[in-house]
Protein chains: 2
Amino acid sequence: MTESFEQLCKDLNISPSITRKSIFNYMKEVEEAYHPTVDDIYKNVKKDIPTLSKTTVYNVLNLFIEHNLVRAIPMATNQKQYELMLDNHSHFICNECHKIFDIPHVKTVVNEDDLHHFQIENEEVVLRGICKDCLESHNA
Amino acid sequence: MTESFEQLCKDLNISPSITRKSIFNYMKEVEEAYHPTVDDIYKNVKKDIPTLSKTTVYNVLNLFIEHNLVRAIPMATNQKQYELMLDNHSHFICNECHKIFDIPHVKTVVNEDDLHHFQIENEEVVLRGICKDCLESHNA
DNA sequence: GTCCTTGCAAAGCGTTTGCACAGAA
DNA sequence: TTCTGTGCAAACGCTTTGCAAGGAC
């Protein structure tokens, strides 16, 4: 996905405002590293746009979600985390530190007979366990 | 899993109070049908225990969660849904009506090479799409 | 007595809504 | 002018916390 934000907006038929672009760019920048909360996005994009409000962050994220550009991940902590939906990957969530790690897409083996009543549009796999860092701190 | 609630509590080393038993029984009763919210549990168990408070429902659920008897499913709606963890199944969530359906366990194909840093404890598969009822109402 | 369970009321906190202002078309 | 994007403040709703009363042991 090397499309520009402007082209993306054209495809989605939304206007590419500065605010939207900054939020998109921030999410793109951190997408390999972590899945930001609204607060993360607010604090970081505010550095470039000091007048930014949290309402706008919510507005923009919800707009992106409507257009399938972003996905909200509901968390046990009640604080959602957001990610761009530009590729297809799975998640590993650590049961100790609760970090989400992107992992290469995990295939599933769906038994079609079980699901002939449903129209499947996508599938998510979440693996849970202990991440490398937490395992290491056990031995420390 | 045909163990009695009393035996379950003995195993978990918690006391089997009437309130806890009623909440457990309600969850057991509806487990095939749906995944109740705190409000569902509160309203229904209150029929048997009129003095029940929502705080107690939260207390009991959190106790059950600590002991891995119950699992909270964070939802897009910010209202968690709860389920007993007595068997192993997967979920189908309808993108239109947002109902959660239990479906037989969907196997995954994990590439171990991708995950040698992580200790996997369990895996969840969530399929999303349109459920039978919503498909039918399209044609109506 | 002590410990544990329960429940009321209040606080906490993430998110949404109402509404107004400013800028673009 | 009309429409759209933004932002403040307030409201909303789910969940947690503080604390006290009652019961079990």
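Procedures and definitions
- Residue positions within a chain follow its written sequence, with the count starting from 1.
- Whichever chain is written first becomes A and whichever ligand is written first becomes 1, with later ones labelled in order.
- Per-residue local features are limited, in this predicted model, to residues with pLDDT of at least 70; the limit for side-chain atom pairs, both in listing and counting, is 80 or more; totals at the level of whole chains, interfaces and linings are taken over all residues.
- Hydrogens and water molecules were not included; the side-chain quantities draw on all heavy atoms of the structure.
- We call a residue near a molecule or strand whenever a single non-hydrogen atom of that residue lies within 4 Å of it.
- Only runs of H or I of at least four residues qualify as helices and only runs of E of at least two qualify as strands under DSSP, and these elements are numbered from the N terminus.
- Buried residues are those whose accessible area, probed at 1.4 Å on protein chains only, stays under 20% of the maximum for their type, while exposed residues exceed 50% and partly exposed ones sit between those limits.
- A pair of strands is considered paired only if DSSP assigns at least 2 bridges between the two.
- Side-chain rings of Phe, Tyr and Trp (the six-membered ring for Trp) are treated as a pair once their centres are within 6.5 Å; stacked means planes under 30 degrees apart, edge-to-face means over 60, and tilted covers the remaining angles.

1. Topic: the protein's contact with DNA strand C
Turning to step 1, where the next piece is worked out: Inspection of the region around DNA strand C gives 18 residues, with A:Tyr58, B:Ser17, B:Thr19, B:Thr51 and B:Thr56 positioned closest.
Turning to step 2, where the next piece is worked out: Atoms of DNA strand C within 4 Å of the protein belong to the sugar or the phosphate in 76% of instances, the rest to bases.
Turning to step 3, where the next piece is worked out: Broken down by secondary-structure element, the contributors of at least two residues to the surface near DNA strand C are helix H4 (54-66) of chain A together with helix H2 (18-30) and helix H4 (54-66) of chain B.

2. A short note on the pairing of strand E2 (residues 81-84) of chain B
Residue and element names in this part refer to chain B.
Turning to step 1, where the next piece is worked out: The two faces of E2 match: Gln81 and Glu83 on one face and Tyr82 and Leu84 on the other face are all buried.
Turning to step 2, where the next piece is worked out: Examined bridge by bridge, strand E1 (residues 70-73) and E2 share 4 bridges and lie antiparallel to one another. Bridging across to E2, Arg71 finds its partner in Glu83.

3. Examining the packing of aromatic side chains
Turning to step 1, where the next piece is worked out: One pass over the structure, following the stated rule, counts 10 aromatic pairs over all chains.
Turning to step 2, where the next piece is worked out: Look at A:Phe5 and A:Phe24: their rings are 4.9 Å apart centre to centre, the planes differ by 35°, and that puts the pair in the tilted class. With A:Phe5 in helix H1 (residues 5-12) and A:Phe24 in helix H2 (residues 18-30), this residue pair connects regions lying 19 residues apart in the sequence. Accessibility classification places A:Phe5 together with A:Phe24 in one group, the buried group.
Turning to step 3, where the next piece is worked out: Where A:Phe118 meets B:Phe92, the ring centres are 4.1 Å apart and the plane angle is 25°; that geometry is what we call stacked. One end of the pair, A:Phe118, is in the loop between strand E5 (107-109) and strand E6 (119-130); the other, B:Phe92, is in strand E3 (residues 89-94), on a second chain.
Turning to step 4, where the next piece is worked out: The rings of A:Phe5, A:Phe24 and A:Phe64 are connected pair by pair, giving a single aromatic cluster.

Honestly, that's just the spatial picture; any functional story needs more than this.
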